[in-house]
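Spelled out, the chains give:
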Amino acid sequence: MDPYLLGLRLEGRRVVVVGGGAVASRRVPALLDAGAEVLLVSPKVAASLEDLAAAGRIRWAARGYQPGDCSGAWLVCACTDDPAVNAAVAAAAEHQRTWYVRADDAAASAAWTPASGRVGDVRIGVLSGDPRHSAAIRDAVAAGLQSGQLSARHGRSHPSGVAIIGGGPGDPGLITVRGRQLLAEADVVLTDRLAPRSLLDELRDDVEIIDAGKIPYGRAMAQEHINAALVSHARAGRFVARLKGGDPFVFGRGAEEVLACLQAGVPVTVVPGVTSAVGVPASAWVPVTHRGVAQEFHVVSVHVAPGDERSTVNWELLGGSSGTLVLLMAVERIGAVTSELLRYGRSPDTPVSVIADGTLPTQRTINSTLEQVESRIAEEGVRPPAIVVVGNVVSVAAEITELMRHVTA
């Protein structure tokens, strides 16, 4: 017959463990985590169990099993390496109608111990006819919960407020574990154009998806409308996920949304993400720093051109620097950028790498020089999103790429 699965609440209840070897060493800590009052009966015990006894966390009867040891127990574990002793313990427990587990003989046990584990507030227990198979299933479930690939909405302890989640540079596998877990809990998701949108297909059918994408030189949902949507949905009792590309606090206007939520009295949390400023170059083998080549890098948003009164970028400083420049939103204004850098001292031969659709299957990389990159971008028809990297680290990427060809040949 199939066993009836049940979770035992053992806090303050007596549990007797007979035997002090490897099996007891595994069972006793879990029993203590459940709050059980453990009596350990064994002439000798493993060092870890002796430490628990010395600390007063368990009571140790340093002798062999005796009739009457099971008296008053709610659960009995027979863990010795002597089948006759285990049988006697089981018989005593059976006589007094106490559930018991025999470590040496599952068929003779009144109860079975599942392969168990914990992920956050979730306990996992798996029973099958094969303990190794049970453990493998438990590990697979735990790994899925930890990574966020396996998720389910909470019922009684549903989160509230807003979570602003950095989704990474594009590849859905680069979102953080925490980000994926919170996304799975959401009732409403406001998503950006550059967020890993394929993750949305994994959400429940009743999750409301709001497209807050900002298309370059095209239509966009105004930031104040985004802020208002976050607040209104959260105040209505929904858990809201704001899914962004990259990192929310790196040119992501995440802090504006945090302030809007807090000013409205809405609880908010921020989940960092892999910023495209570093993740995209890395996906093309471009290190933003490299020993002996570059010990600094600058991340610059070129959403307004050099010379625009709204620009706060010190192009003179960047032109005179030997550090790596990582330029975001620069494709449409690359000519003005290169003119400023050349004007302030950067060499025309400075290597430049342009990485379009970084981390996605459509990723492509164009290598050029500072003097020629504008014409190369035009020739190749590069469109946003693209990251432009300026500096000698691009030569390091070329060396890596060449060696990779030999390794994979």
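Residues numbered from 1 in each chain as written. Predicted model: local features only at pLDDT ≥ 70, side-chain atom pairs only at ≥ 80, totals over all residues. Heavy atoms only, no water.

(A) Up close: the overall build of the chain. What the chain contains, in helices and strands, is 12 helices and 17 strands. Here the C-alpha atoms of the chain give a radius of gyration of 31 Å, more than 25% beyond the 22 Å that 2.2 N^0.38 yields for 409 residues. Reported as C-alpha extents along the three principal axes, the dimensions of the chain are approximately 95 × 55 × 40 Å. A separation threshold of at least 6 residues defines the contact pool for the chain, and within that pool the share at least 24 residues apart is 59%. Only carbon and sulfur atoms are counted for the fraction: they give 52% of the accessible area of the chain, which is about 21800 Å². Of the charged side chains in the chain, 38 are positive and 43 negative, and the gap between their average positions amounts to 6 Å. (Helix = DSSP H or I, 4+ residues; strand = E, 2+ residues; numbered from the N terminus. Rg over C-alpha atoms; globule rule 2.2 N^0.38 Å. Contact = heavy atoms within 4.5 Å. Areas by Shrake-Rupley, 256 points an atom, 1.4 Å probe, with all protein chains shown as cover. Lys, Arg positive; Asp, Glu negative; His and termini not counted. Charge placed at Lys NZ, Arg CZ, Asp CG, Glu CD.)

(B) Representation of the packing of helix α1 (residues 22-33) against helix α2 (residues 47-54) within the structure. Two numbers describe how α1 lies on α2: the axes approach to 9 Å, and their chain directions differ by 35°. Crossing handedness for the pair α1 and α2: left-handed. Touching Ala 24, Ser 25, Val 28 and Leu 32 of α1 are Ser 48, Leu 49 and Leu 52, all from α2. The residue inventory of the contact of α1 with α2, partitioned by class, reads five nonpolar, two polar and no charged. (Axes fitted to C-alpha atoms, helices over the stretch in contact; angles between N-to-C directions. Left-handed = near helix turned anticlockwise from the far one by under 90°. Nonpolar A, V, L, I, M, F, W, Y, C, P; charged D, E, K, R; others polar.)

(C) Broad picture of the packing of helix α6 (residues 223-235) against helix α7 (residues 254-263). Axis separation between α6 and α7 bottoms out at 9 Å; the angle between their running directions is 45°. When the axes of α6 and α7 are compared, the pair comes out oblique. With respect to the hand of their crossing, α6 and α7 are arranged in right-handed fashion. For the pair α6 and α7, contact is made by Gln 223, Ile 226, Asn 227, Leu 230 and Val 231 and by Glu 256, Glu 257, Ala 260 and Cys 261, respectively. For the contact of α6 with α7, the per-class residue count stands at five nonpolar, two polar and two charged. (Parallel < 35°, antiparallel > 145°, perpendicular 65-115°, else oblique.)

(D) Structural detail: unusual backbone geometry. Pro 384 connects to Pro 385 through a cis peptide bond whose omega is 5°. For Pro 385, the position within the fold is in the loop between α11 (373-380) and β17 (386-390). The backbone phi angle of Met 329 is positive, close to 55°, even though this residue is not glycine. In this fold, Met 329 is placed in the loop between β14 (324-328) and α10 (334-343).

(E) Structural detail: the pattern of salt bridges. Applying the stated criterion across every chain yields a total of 18 salt bridges. Where Asp 192 meets Lys 244, a salt bridge forms, and the shortest distance between an N and an O atom there is 4.0 Å. Pair noted here: Asp 192 is in the loop between β9 (188-191) and β10 (208-211) and Lys 244 is in strand β11 (residues 240-244), with a separation of 52 residues, a long-range link. Residue class for Asp 192 comes out buried when judged on its relative accessible area of 16%. Between Arg 343 and Glu 340 there is a salt bridge, with the nearest N and O atoms lying 3.3 Å from each other. One end of the pair is Arg 343 and the other is Glu 340, both in helix α10 and three residues apart, which spans about a single turn. When its relative accessible area of 16% is taken as the criterion, Glu 340 is described as buried. Connected via shared salt-bridge partners are Asp 192, Arg 242, Lys 244 and Glu 257. (Salt bridge = Lys/Arg side-chain N within 4 Å of Asp/Glu carboxyl O. Buried < 20%, exposed > 50% of the residue type's maximum accessible area, 1.4 Å probe, protein only.)

(F) Region of interest: the packing of aromatic side chains. Scanning the model with the defined rule gives zero aromatic pairs in all. Directly above the ring of Trp 74 sits Arg 13, whose terminal nitrogen or CZ lies 4.5 Å from the centroid. (Phe/Tyr/Trp six-rings, centres within 6.5 Å; stacked < 30°, edge-to-face > 60°. Lys NZ or Arg CZ within 6 Å of the ring centre and 35° of its normal.)

(G) View of the nonpolar core. Judged by nonpolar contacts, the single largest core of 22 residues is most densely connected at Trp 315, Leu 327, Val 354, Val 382 and Val 388. Discounting chain neighbours no more than four positions away, the residues touching Val 354 are Arg 364, Thr 365, Ile 366, Val 373, Ile 377, Val 382, Ala 386, Ile 387 and Val 388. Core analysis: the second largest hydrophobic core is formed by 17 residues, Leu 10, Val 15, Leu 31 and Leu 40 among them. (Core = buried A, V, L, I, M, F, W, Y, C linked by side-chain atoms within 4.5 Å.)

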